[in-house]
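In case you want the letters, here they are:
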Amino acid sequence: SQTIHQWPATLVQPVGSPLSLECTVEGTSNPNLYWYRQAAGRGLQLLFYSVGIGQISSEVPQNLSASRPQDRQFILSSKKLLLSDSGFYLCAWSPGTGGRGYTFGSGTRLTVV
Amino acid sequence: AQSVTQLGSHVSVSEGALVLLRCNYSSSVPPYLFWYVQYPNQGLQLLLKYTTGATLVKGINGFEAEFKKSETSFHLTKPSAHMSDAAEYFCAVSYSGGSNYKLTFGKGTLLTVNP
């Protein structure tokens, strides 16, 4: 069966520090991968998605970047965090064809101080 | 373009009462429809989905939803609310097109269950 792992669960970082959140999927190949952010009261915001190694699409210009160095690994990064980067970050995967929806990771609570 | 509207950002019910969470969608092609539930500080969990076939879909935890094409709706219901149902619920829409389909989510409805 397929599983998705996301870590860390919580993170407190100072303003201006770098960020690296990692997400890996097991039990499938060539998944579509997604990074979402939830800020308080603002719903789910799609940040990046990827349909293959090295293929990244950005939905919202911002202080973050994403990379997919391996088929089942998706990394969210920042060189210098801002206060506004605080939020709950969710990774998700889906198969290449429609109808199955997304499977989400357990999320990372990021607090920038 | 597809979109999802969840009517009511906050719904409050008494334990044992009917739960009704509303979702309307717009899609230029036949949609796939989903309901997800999110408990505090957790990821989203799939409750149920409609792809094709029977329009009344049953999911986990006693929830069900009915796809009504004429009303472009996919409302989520549960006959009797339980305290453990308190969570945020998201409706989402997609369609079978291309190899990189994306879900469009509603803004979510927070369900509160009162004892």
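The rules behind the values
- Residues numbered from 1 in each chain as written.
- Chains lettered and ligands numbered in written order.
- Predicted model: local features only at pLDDT ≥ 70, side-chain atom pairs only at ≥ 80, totals over all residues.
- Heavy atoms only, no water.
- Contact = heavy atoms within 4.5 Å.
- Buried area = accessible area lost by both parts, 1.4 Å probe.
- Salt bridge = Lys/Arg side-chain N within 4 Å of Asp/Glu carboxyl O.
- Polar contact = N/O pair within 3.5 Å; in protein donor to acceptor, adjacent residues only side chain to side chain.
- Helix = DSSP H or I, 4+ residues; strand = E, 2+ residues; numbered from the N terminus.
- Pairing = 2+ DSSP bridges.
- Axes fitted to C-alpha atoms, helices over the stretch in contact; angles between N-to-C directions.

## A few points about the interface of chain A and chain B
The partner chain B presents 19 residues to the 25 residues of chain A that form the contact. Taken together, both faces of the contact between chain A and chain B bury some 1,700 Å²; the carbon and sulfur share is 54%. Applying the counting criterion to the chain A and chain B interface returns 0 salt bridges. Here chain A is connected to chain B by 4 residue pairs in polar contact (both at pLDDT 80 or more). Elements supplying a minimum of two residues to the side of chain A that touches chain B: β4 (32-38), β5 (44-52) and β9 (87-94) of chain A.

## Considerations on the sheet that holds strand β8 (residues 73-78) of chain A
All names here are of chain A. The strand order across the open sheet built from 4 strands is β1-β3-β8-β7, with neighbouring strands paired in antiparallel fashion. This sheet does not close on itself; its edge strands, each paired only once, are β1 (3-7) and β7 (65-70). Shown here is a sheet whose adjacent strand axes are inclined to one another by a mean of 20°, direction ignored. Inspection of the sheet shows strand β3 (residues 19-26) paired to β8 by 6 bridges, in the antiparallel sense. Bridging from a neighbouring strand, L19 pairs with S78 of β8.

These values are about where atoms sit, not about what they do.
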